[in-house]
Amino acid sequence: MPDSQVQHTLSELCVLADLPVRTLRYYVQNGLVDRPEGETRAARYGAKHLEQVLLVKKWTSAGVSLERVKALLHGEEPAVPPRAKKPGSIEVCSHLHVADGLEMVIEPTRAQMTPEQVRAFAKGVMALYESIKANADQDAGAPGNE
Amino acid sequence: MSNLRQAKMECESGREPMLLGVKASGAVKGRLLLMTLEQRYRNASSNNAEITYTFPLPYGPNGGAVLMDVEVDIHGKVLKGEVSPKNTARAKYEEAISEGNTSILLERNYDGSFTLELGNLMAGEECKIMIRYAQTLSPEHGQIRMMLPTTIAPRYGNPITQGRLQPHQVPVTDSLAEYPFDITVALLDDMAYSNVSSPSHKTSYSRVGNDLFIKLAQRGYLDRDFILIFSNLKSESAALASRDFYQNGQHAMMASFCPQFDVTGNKGLNAKILVDCSSSMAGDSIDAARRALAGFIQGLTKEDKISLSKFGDSVEHRSRGMWSGTAQAKASAMRWVEGVHANMGGTEMAAALVSTIAIADTGKADIFLVTDGEIEGIDEVIEVAMNAKHRIFVVAIGSSPAEGHLRRLAAETGGYCDFVAPGETVEPAILRMFGRMRAPRVRNLRVKWPNSLKTRWEQKVQAYAFEGDVLHVHAFVDTPEDMKELTSVKLWGQVDDSDNDVLLGVAPLSLTDSSTNVLARMAANAKYAEMYRKGDKQKSGVQMSERIDLAITYRLITEETNFILVHERSDTDKATVMPDAHKVPQMLAGGWGGTGSVVRSAAMPVLRSLRTGSDDVPFGVPSLASASVLPVGHAAASVWRTNRTKAAARVDALSASGMDDFDIPAFLRKQSDFDDLVEPSVNTRNSIDKSNPLYWKASNPSVAKQPVGQQGASYVGITPAGLEKWLSVNHSSLWPSTYADLRDLGLGLSICEWLEFEIGRERNEQLVVATFLSAVREFRFKSDSNSTRPVPAVKGAMSIVKVEKPETELESEIRLAMVGVGQQTWPVAVVNFPEECC
């Protein structure tokens, strides 16, 4: 019965959720499930907690990472800015090495660029870098500079 | 990183670490290693903490670590715990924590790693945990590789659904984490006089009396395996017997055999090469992989057959069938090795294996796998391999490869796993692998104990053996009445298809004693492991309690038993709230995923390739040192690959869709018949229409999906008619002059390699290319039929065909090979190079 008065101990919650106690405690420690009322032996969990636990269990067994589950549960901004990617998706990126310490990461599918466009882009970036460097050299070499 | 699919703890970095470092001290006597790891913890936060740390140990069962003892030093007091069934131990731990006491739980995880939980370490408190294990060292071809892993590298896959770990056990990696590591190893007795070296760390050696001490000569961290190599050891079999202190009237035995037999077989290999090109291999590992592959290919003979495949998210096969080890095939294979990079994404090993197994072979094939093994779902992979009856021989590379996974994969398929650390030369491992792969297969292994011994239990001998690789067999026996009667233990087996029993090894018995009952406990560990594997399938309650009783009697931490220690605190000292969670993050394995290099001299590659997706050839982007955009036809700067100079020109010439503008006056564009009469301009580079199937065969996705091994050329690239057309509309000075140029023009890889390795053997490259092109120019296809027709000679530009000149050997070789060429199809034998040509 969904009675909010019914309170469970940690061990009872384990049985209800069919999860090891350590895993349950892990969820609570890491903010996936709200903290109980009371502490240590006196801790009690209600229907809300059970609901959260079952959701976490469902998502993790579907392969969703715990980080993502946390964000989904609490609607909070994850530390990493959200990207338009599906959980579990794989990306292969190319690295364009422009110079020592200067690199561009390109995922052409997401950028929606054809190979020819990527080549043109690469050439453009290289040319831009050359011109900036050339100007810098010029400025440095010009007489009368401090 | 895209292959880290696990929960990350927030804000661990920036806080002080909970693990201060690990000190290891070990002693080697005979073939036995006893090692103690001292882990130091400090709660640097202001609340009581629950620290979890998942760490690796050398992999079991035969040759892995057997945990002997755990001791806890807290407040200067040394406490010992006990081994209990998992549920009991867990309940004790949880109860202790909720009562505010301190508790330590050590658990063996599903994948062979261990998780330590230290609950209620108070603010500012320190704690030392000593973990002692024993390990038998197994010589392989006269060499022992002693290895202590110190970190768990990130793995591809889901640790919970595939790795079967619980969330608190899942290792997380922090690239900023840094934990000091120190180790001392004492070599006793005759081991003190063996050749020893470390490929992983700078070490110093000092002799104290008869013993040799090995220490680190550099600062160490928990970021790579610690490896000691003992070499020049005698290949001998030996057996040990020792009284069992936990069971009256019982002795424990361990027989170590180094199989030797007279039957030599240098059979041809049937090896399917499969290399891991996932991003975790970037840096040191992929370099080592290329060296391993090159070494393997160079060692092939004409009797050997190989196939070449690489995988990441998907698998790519270089050949549809197996190539014989001819010079041409080897050259082609070496070319393929150069193109092996860690750029294929994730590590879908099971799918790659399925596809590689499907490559057509003559029946008995082995897989030669080069990988770092960093995946979660190894069970699936093992199942696939075992069903296919392919043996898997693994060369495991990297500074922290997944030892347990890879050893299991090899052992359960009848193969072998060898390791190459960064900085180690790869050739010895390759030679050993060749030896094993070519060796006769040994089966039906049986151990014959001395007649006077009554065995109570003996370990089931492993199914396969290789000459020169030591295997161990444990047993429990009735205490023998007369020790002098014990002579030797024998190993018998059958070789290849013969049913004759062959004596493979004779192990002389000697007695030994140990105050810590090491030998008996190791035997009990082997017995437990056997019972567990059997019981897993039957799940009988009686058997389980028998197993657990065994584990508890011999104090073994197993799949079903944990170490538990509870430290009662005084009432004023107890914790009043549940502890905060702190998971100790792993250090990033040195050289993993290209993050720095383990060997100082190995420089990071400066030039990275940009894959364009339109063809096979990577686009090398110049670094600052070279000239910027090159004008058409300009000589290539050294940092550019020659095949890409022309490509740069084509970038300007080609439009996005592949349709090309012909720089020819309109009145000449009317009919193709007249194209031949146009004199191409020296300054204009023209292209052919790639959307025309007469000139260009595009890749067909449905063909690519066909199972590997099917006949039927899946040629992609410029057709004979297309090439002929190109030659006719371009001035001869613009013609390709190297094999790379031809490739760049779109000539299929197999045709180019046929030219380079078959025709071009010991011949001048430019002459071969020029002769080939002139032969192509001779095709003279009519645009609407497959036959050739004579055409008035084009003046000037083509300097090749003068009908009266006698044919050179080169010309006739090419012409003969081109018999049967069609407008859209190259001759079958050439397209299938090097499979059918040699």
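About the cut-offs
Residues numbered from 1 in each chain as written. Chains lettered and ligands numbered in written order. Predicted model: local features only at pLDDT ≥ 70, side-chain atom pairs only at ≥ 80, totals over all residues. Helix = DSSP H or I, 4+ residues; strand = E, 2+ residues; numbered from the N terminus. Contact = placed C-beta atoms within 7 Å. Buried ≥ 20, exposed ≤ 12 C-beta atoms within 10 Å, placed from the backbone. Axes fitted to C-alpha atoms, helices over the stretch in contact; angles between N-to-C directions. Parallel < 35°, antiparallel > 145°, perpendicular 65-115°, else oblique. Nonpolar A, V, L, I, M, F, W, Y, C, P; charged D, E, K, R; others polar. Core = buried A, V, L, I, M, F, W, Y, C linked by C-beta atoms within 7 Å. Domains from an automatic or database assignment. pLDDT = per-residue confidence, 0-100. Expected span 1.5 Å × (residues − 1). Left-handed = near helix turned anticlockwise from the far one by under 90°. Pairing = 2+ DSSP bridges. Arc of directions from axis to C-beta.

Caption draft 1: Region of the structure containing the overall build of chain B. Scanning chain B from N- to C-terminus turns up 17 helices and 36 strands. Within chain B, counting contacts between residues at least 6 apart in sequence, those at least 24 apart form 74% of the total.

Caption draft 2: Main features of the overall build of chain A. Along the backbone of chain A there are six helices and two strands. Listed by position from the N terminus, the elements making up chain A come as α-α-α-α-β-β-α-α. Split into buried and exposed, the 146 residues of chain A put 21% on the buried side. Taking contacts inside chain A between residues at least 6 apart in sequence as the whole, the part at least 24 apart equals 43%.

Caption draft 3: Expanded view of the packing of helix α12 (residues 720-729) of chain B against helix α15 (residues 765-777) of chain B. Residue and element names in this part refer to chain B. At their nearest, the axes of α12 and α15 sit 9 Å apart, and the two run at 100 degrees to each other. Judged by the angle between their axes, α12 and α15 are roughly perpendicular. Contact residues: α12 offers P720, L723, E724 and L727, while α15 offers L773, V776 and R777. Here the residues of the contact of α12 with α15 sort into five nonpolar, no polar and two charged.

Caption draft 4: Focus on the nonpolar core. All names here are of chain B. The biggest cluster of nonpolar side chains holds 176 residues, and the ones touching the most others in it are A239, A289, A292, L293, F393, V394 and A523. Here this core takes eight residues from helix α8 (residues 518-538), the largest share from any one element. Look past the residues within four positions of A523 in its chain and what remains in contact with it is A252, M254, H474, A475 and F476. Within the second largest apolar cluster, 34 residues are counted, among which are I688, Y695, F757 and V768.

Caption draft 5: Examining the domain arrangement of chain A more closely. Examined at the domain level, chain A breaks down into domain 1 (10-74) and domain 2 (94-141). Between the C-alpha centres of domain 1 of chain A and domain 2 of chain A the distance comes to 48 Å.

Caption draft 6: Summary view of the confidence of the model for chain A. Residues with a pLDDT of 70 or more make up 83% of chain A, whose mean pLDDT is 80. For residues 142-146 of chain A, every residue scores under 50 in pLDDT, and the model assigns this stretch two contacts once sequence neighbours within four places are set aside.

Caption draft 7: Focus on α15(B). Residue and element names in this part refer to chain B. Compared with an ideal rise of 1.5 Å per residue, which puts 13 residues at 18 Å, α15 spans 18 Å between its outermost C-alpha atoms and is within 8% of the ideal. Among all positions in α15, only V768, V769, T771, F772, L773, A775 and V776 are buried. Turning to α15, the residues buried within the fold contact α12, α13 (739-745), α14 (749-759) and α16 (809-817).

Caption draft 8: Expanded view of the packing of helix α1 (residues 10-17) of chain A against helix α3 (residues 47-61) of chain A. Residue and element names in this part refer to chain A. Following both chains from N to C, one finds α1 and α3 inclined at 45 degrees, their axes separated by 10 Å at the closest point. Classified by the angle between their axes, α1 and α3 sit oblique to one another. The crossing of α1 and α3 is right-handed. Every residue of α3 that contacts α1 at L13, L16 and A17 is listed here: H49, L50, V53, L54 and K57. Residue classes in the contact of α1 with α3 are distributed as six nonpolar, one polar and one charged.

Caption draft 9: Here's a closer look at the confidence of the model for chain B. Residues and elements named next belong to chain B. When the pLDDT values of chain B are averaged, the result is 81; 81% of them are 70 or greater. Low pLDDT, under 50, characterises residues 1-14; the predicted model gives this stretch 34 contacts beyond four residues in sequence or across chains. Within the model, the stretch residues 783-802 combines pLDDT values under 50 with 25 contacts to residues more than four positions away or in other chains.

Caption draft 10: Looking closely at the pairing of strand β1 (residues 94-99) of chain A. Bridging between β1(A) and strand β2 (residues 102-106) of chain A involves five bridges; their strand directions are antiparallel. Bridged to H97(A) within β2(A) is E103(A).

Caption draft 11: Seen up close, unusual backbone geometry. Residue and element names in this part refer to chain B. Positive phi, close to 65 degrees, is recorded for N120, a residue that is not glycine. Residue position: N120 is located in strand β8 (residues 114-121). Not every positive phi belongs to a glycine, and K389 is a case in point at roughly 55 degrees. Following the sequence through the fold, K389 ends up in the loop between α5 (378-388) and β24 (391-397). C-beta crowding within 10 Å serves as the criterion here: with 12 such atoms nearby, K389 is assigned to the exposed category.

Caption draft 12: Up close: helix α4 (residues 349-357) of chain B. Looking at α4(B), one finds that the buried residues are M349(B), A352(B), L353(B) and T356(B). Down the axis, α4(B) shows its buried residues gathered within 100 degrees of arc, on one side only.

Caption draft 13: Inspection of the sheet that holds strand β27 (residues 455-458) of chain B at higher detail. Residue and element names in this part refer to chain B. An order of β26-β29-β30-β17-β18-β28-β27 is seen for the seven strands of this open sheet, with the pairing classed as mixed. The outermost strands of the open sheet, each flanked by one partner alone, are β26 (442-448) and β27. Averaged over neighbouring strand pairs, the angle between their axes works out to 25 degrees when direction is ignored. Direction of pairing for β26 relative to strand β29 (residues 488-495): antiparallel, over a ladder of five bridges. Directly across from V447, in β29, lies its bridge partner L491.

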